[in-house]
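Tertiary structure, described
Here is how the chains run, residue by residue.
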Amino acid sequence: MSDTTENLSYDEALSRLETIVALLEEQDLGMDELTRLVREAGSLVKTCRKKLKVTEEEIRNSFLEEDQAED
């Protein structure tokens, strides 16, 4: 995963992905630019998945802590 995409917030990464999709849909890109954008998009997807997984774990742990506090 690229350091530049890993340091983005989820919303920033998602916004950049949306920009890339728009570029791919709207423009006739050369092979080099297409390849660069697809690689960047892949890195952004990995970043988003990682951030979602961390958030899911934090939420799960929060509920577990609440359940344990009630017992």
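Residues numbered from 1 in each chain as written. Predicted model: local features only at pLDDT ≥ 70, side-chain atom pairs only at ≥ 80, totals over all residues. Heavy atoms only, no water.

**Comments concerning the overall build of the chain**
Summing up its helical and strand segments, the chain has 3 helices and 0 strands in all. In the chain, the succession of α and β elements from N to C terminus is α-α-α. Relative to the globule expectation of 11 Å for 71 residues, the C-alpha radius of gyration of the chain, 17 Å, shows a markedly less compact shape. The principal-axis extent of the C-alpha atoms belonging to the chain is close to 60 × 20 × 15 Å. Within the chain, the fraction of its 71 residues that count as buried is 15%. Contacts in the chain between residues at least 24 apart in sequence constitute 74% of all its contacts with a sequence separation of at least 6. When the accessible surface of the chain is totalled, it reaches about 5,600 Å², and 50% of it is carbon and sulfur. When the 9 positive and 19 negative side-chain charges of the chain are each reduced to one mean point, those points stand 8 Å apart. (Helix = DSSP H or I, 4+ residues; strand = E, 2+ residues; numbered from the N terminus. Rg over C-alpha atoms; globule rule 2.2 N^0.38 Å. Buried < 20%, exposed > 50% of the residue type's maximum accessible area, 1.4 Å probe, protein only. Contact = heavy atoms within 4.5 Å. Areas by Shrake-Rupley, 256 points an atom, 1.4 Å probe, with all protein chains shown as cover. Lys, Arg positive; Asp, Glu negative; His and termini not counted. Charge placed at Lys NZ, Arg CZ, Asp CG, Glu CD.)

**Details of the packing of helix 2 (residues 10-26) against helix 3 (residues 31-70)**
Orientation of helix 2 relative to helix 3, taken along the N-to-C sense of each, is 150°, at an axis distance of 9 Å. Between helix 2 and helix 3, the interaxial angle falls into the category roughly antiparallel. In the crossing of helix 2 with helix 3, the sense of the turn from one axis to the other is left-handed. When helix 2 is examined against helix 3, the residues Y10, A13, L14, R16, L17, I20, L23 and L24 are found in contact with a partner set consisting of L34, R36, L37, E40, A41, L44, V45, T47, C48, K51 and L52. (Axes fitted to C-alpha atoms, helices over the stretch in contact; angles between N-to-C directions. Parallel < 35°, antiparallel > 145°, perpendicular 65-115°, else oblique. Left-handed = near helix turned anticlockwise from the far one by under 90°.)

**A word on a nonpolar patch on the surface**
On the surface, a nonpolar cluster with roughly 350 Å² of combined accessible area is contributed by L24, M31, L34 and V38. In terms of residue count, the dominant contributor to the nonpolar patch is helix 3 (3 residues). Summarising the element assignment, L34 is placed in helix 3. (Patch = residues over 30% accessible without salt bridge, like charges linked within 9 Å, V, L, I, M, F, W, Y side chains within 5 Å. Salt bridge = Lys/Arg side-chain N within 4 Å of Asp/Glu carboxyl O.)

**Here we look at a negative patch on the surface**
A cluster of acidic residues, E65, E66, D67 and E70, forms a negative patch on the protein surface. Looking at the element boundaries, E70 is found in helix 3.

**Description of helix 2**
Compared with the 24 Å implied by 1.5 Å per residue over 17 residues, the 24 Å span of helix 2 between its first and last C-alpha is a close match. For helix 2, the full list of buried residues reads A13, L17 and I20. Down the axis of helix 2, the sector holding all buried residues measures 60°, keeping them to one side. Exposed and oriented more than 90 degrees from the buried face of helix 2 are D11, E18, E25 and E26. Buried residues along helix 2 sit against helix 3. (Expected span 1.5 Å × (residues − 1). Arc of directions from axis to C-beta.)

**A word on the nonpolar core**
Judged by nonpolar contacts, A13, L17, I20, L37, A41, L44 and C48 together constitute the single largest core of 7 residues. Breaking this core down by element, the ones donating at least two residues are helix 2 and helix 3. The element that contributes the greatest number of residues to this core is helix 3, accounting for 4 residues. (Core = buried A, V, L, I, M, F, W, Y, C linked by side-chain atoms within 4.5 Å.)

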